[in-house]
Amino acid sequence: MPVAEAIETGRVSHWIGGGARAGSSGRTGPVYNPATGEVRAHVDFASRAEVDEAVSIAKSAFPAWRATPLSRRSEILFRMRELVDANRRKVATIISAEHGKTVADAMGEVARGLENIEFACGVPNLLKGGFSEQASRGIDIHEIHQPLGVVAGITPFNFPAMVPMWMFANAIACGNAFILKPSEKDPSASLLIADLLSQSGLPPGIFTVIQGDRTAVDRLLEHPDIAAVSFVGSTPVAKSVYETATRNGKRVQALGGAKNHMLVLPDADIDMAADAAVSAGFGSAGERCMAISVVVAVGAVADPLIAAISERMAKIKTGPADVEGNEMGPLITRDHRDRVASFVDNATSEGASVAVDGRRDPACKLPGFFLGPTLLDRVAPGMACYEHEIFGPVLSVVRAPDYPSALKVINENPFGNGTAIFTRDGGAARQFQFEVEVGMVGINVPIPVPVAHYSFGGWKASLFGDLHMYGPEGVRFYTRTKVVTSRWPDPGTSKVDLGFPQMR
Ligand code: NAD
């Protein structure tokens, strides 16, 4: 069935063996339009048997892909880049319909994802190994980087195009067959992308989409023919995926949740810091793993900063993303919206104050899953609204008397995904960069997502595994190294020598 047709019929299928494939398990899940609260489609949930069949097809496709010359792989990736680029709006529109973010925001997501395909186009250079001539007398050594086989990626709802691209671009470029299990909440973008990859000349079986829930994930984590698993999602699931997949002998990188702090020093430009806090706190309704969720205001900066943030928040228009002028859309599901609002409900009894109350936003009266931008003041470690990842449009302010106590708050937080410092003092920024225990740091940059030729990853409860995602560490994750020692001696000089070989 053609992809567009599959999506329009309200049934979101798998992509197996180079084409859309209706599920046969008899199990499906609803896909909502979060702006209206209506069910817009149903997505197939794969059975263990369907996962097994997809893995078997990928396994059969792997040897030929692995043997495909690098120049040819690169050519296909260049074509992939052109096709995704030409279809940005189509992909962004389906993301907006299922996720609720604005089309402009979704276009940004596709653009950041495309960077990873662009990086992977350089695969002939990325896979170059080292060579040591005359490492010992008459002996040369070289290393080669070979693909792992069939690898799986399990992705979250908040970036249904970009996070899969973080994974599959390098996985495929390195010669693996990649199986994607997208979020069941917004699964259609993965089918559009599969179709574009197929049009680019990628052989059937090298990119597979298995739709589903935990049943599909569990089978992928234990399947003997899956060599590696990349996961992005919430911390409890990331931890459990990491533990299960490593127990089953797989290489794993599992990126988890976040609580990103923005430290504002007294010398910062208040307007610039307020612009950054509001943009990074409420873009995509706070449903970004790199969203700023806590502002740590040092000393006297707190009151003017809160006033400047509140003033900007009052101007944010919340409502359906397809209505001109709306900047902040709904949350992904009703349950999630209610969970986010519950942190605001309980904040005052814990000693925080609600400086801007998004529960009173007119959008909350709409049938979709809306909550207006909310600001909590006088939040402190120990409160539920501080300890948990809220993942919604709720920005908390922690007041700190000085830089050391502000740093302590950040370093003692269990998450370590992203952080930012706002200051005009280069020395203070450099000290923060040196001392902070977080994987990605912004200096006057609120959302420091590394470009595709660096790698993305947090510390502490934000990442389980050794290698970060995409960029050079992504290439390492999707390959294993072989070191070859060779010599071409005159057979006449050959003799038996039981001593351990020494390099001389
Ligand atoms: P989630 O953990 O609920 O789901 C992620 C994926 O895991 C989905 O494909 C889902 O189907 C699957 N899944 C869910 N529960 C499972 C279970 N019990 N067993 C096996 N598989 C399961 O996350 P989400 O709500 O889709 O996404 C939001 C979360 O992702 C937030 O915590 C956010 O911080 C995090 N995130 C992190 C990053 C990062 O780079 N660190 C990036 C994006 C999102």
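Computed from a prediction, not measured in an experiment: that's the story for all the values here.

**Quick look at the packing of helix H4 (residues 88-99) against helix H8 (residues 188-199)**
Part 1 of the argument: Closest axis-to-axis distance for the H4/H8 pair is 8 Å, and the angle between their directions is 165°. If you check the angle between H4 and H8, you find them roughly antiparallel. Along this stretch, H4 crosses H8, giving a crossing that reads as right-handed. Residues Lys90, Val91, Ile94, Ile95 and Glu98 of H4 lie in contact with H8, whose contacting residues are Ser188, Ala189, Leu192 and Leu196.
Part 2 of the argument: Taken together, the residues of the contact of H4 with H8 sort by class into six nonpolar, one polar and two charged.

**Topic: the packing of helix H3 (residues 70-86) against helix H7 (residues 162-173)**
Part 1 of the argument: Following both chains from N to C, one finds H3 and H7 inclined at 155°, their axes separated by 10 Å at the closest point. It follows from the interaxial angle that H3 and H7 lie roughly antiparallel. On the side of H3, the interface is formed by Arg73, Leu77, Met80 and Val84, while H7 contributes Met165, Phe168, Ala169, Ile172 and Ala173.

**Let's talk about the pairing of strand E8 (residues 150-154)**
Part 1 of the argument: Burial within E8 is extensive, with five of its five residues counted as buried.
Part 2 of the argument: Across five bridges, the pairing between E8 and strand E9 (residues 177-181) is parallel. In the sheet register, Val151 faces E9, and the bridge partner there is Phe178.
Part 3 of the argument: On the question of chirality, the crossover connecting E8 to the parallel E9 by way of H7 is right-handed.
Part 4 of the argument: Here five bridges tie E8 to strand E11 (residues 226-232), and the two strands are oriented parallel to one another. Note that in E11 the partner of Val150 across the bridge is Ile226.

**Side note on the pattern of salt bridges**
Part 1 of the argument: Scanning all chains against the criterion turns up 28 salt bridges.
Part 2 of the argument: Residue Glu75 is joined to Arg72 by a salt bridge in which the shortest nitrogen-to-oxygen separation is 3.5 Å. Remark: Arg72 and Glu75 occur in helix H3; sequence separation between them is three residues, near one turn of the helix.
Part 3 of the argument: For Glu75, a relative accessible area of 38% puts it in the partly exposed group.
Part 4 of the argument: A single salt-bridge network, built from bridges that share partners, covers Arg81, Glu82, Asp85, Arg88 and Glu118.

**Observations concerning the domain arrangement of the protein**
The parts lose accessible area when they come together, and the size of an interface is often stated as this lost area.
Part 1 of the argument: We note that the domain assignment places domain 1 (3-256 + 462-485) and domain 2 (260-443) within the protein.
Part 2 of the argument: The centre of domain 1, based on its C-alpha atoms, is set 31 Å off from the matching centre of domain 2.
Part 3 of the argument: Between domain 1 and domain 2, the contact holds 19 residues from the first and 21 residues from the second.
Part 4 of the argument: Interface of domain 1 and domain 2: buried area, both sides summed, is about 1700 Å²; carbon and sulfur atoms make up 63% of it.

**Comments concerning the sheet that holds strand E5 (residues 38-44)**
Part 1 of the argument: What the three strands build is an open sheet, ordered E1-E5-E4; its pairing is mixed. In this open sheet, the two strands that pair with only one neighbour each are strand E1 (11-12) and strand E4 (28-33).
Part 2 of the argument: Note that E1 and E5 share two bridges and pair parallel. Across the sheet, Arg11 pairs through a bridge with His42, a residue of E5.

**Side note on the site of the ligand**
Part 1 of the argument: The ligand sits among 26 residues. The nearest are Lys181, Glu184, Ser234, Gly256 and Glu389.
Part 2 of the argument: Between the ligand and the protein, one listed contact pairs an oxygen atom with a backbone N or O atom of Thr155 at 2.8 Å.
Part 3 of the argument: For the ligand, whose free accessible area comes to 840 Å², the fraction covered by protein is 88%.
Part 4 of the argument: Where the shell around the ligand is concerned, the elements lending two or more residues are helix H9 (214-222) and E11.
Part 5 of the argument: Tallied by class, the residues present in the shell around the ligand amount to 14 nonpolar, eight polar and four charged.
Part 6 of the argument: Both of domain 1 (3-256 + 462-485) and domain 2 (260-443) provide at least three residues apiece to the shell around the ligand.

The rules behind these values
- Residues numbered from 1 in each chain as written.
- Predicted model: local features only at pLDDT ≥ 70, side-chain atom pairs only at ≥ 80, totals over all residues.
- Heavy atoms only, no water.
- Axes fitted to C-alpha atoms, helices over the stretch in contact; angles between N-to-C directions.
- Helix = DSSP H or I, 4+ residues; strand = E, 2+ residues; numbered from the N terminus.
- Parallel < 35°, antiparallel > 145°, perpendicular 65-115°, else oblique.
- Left-handed = near helix turned anticlockwise from the far one by under 90°.
- Contact = heavy atoms within 4.5 Å.
- Nonpolar A, V, L, I, M, F, W, Y, C, P; charged D, E, K, R; others polar.
- Buried < 20%, exposed > 50% of the residue type's maximum accessible area, 1.4 Å probe, protein only.
- Pairing = 2+ DSSP bridges.
- Right-handed = clockwise from strand over helix to strand, strands pointing away.
- Salt bridge = Lys/Arg side-chain N within 4 Å of Asp/Glu carboxyl O.
- Domains from an automatic or database assignment.
- Buried area = accessible area lost by both parts, 1.4 Å probe.
- Near = heavy atom within 4 Å.
- Polar contact = N/O pair within 3.5 Å; in protein donor to acceptor, adjacent residues only side chain to side chain.
- Areas by Shrake-Rupley, 256 points an atom, 1.4 Å probe, with all protein chains shown as cover.

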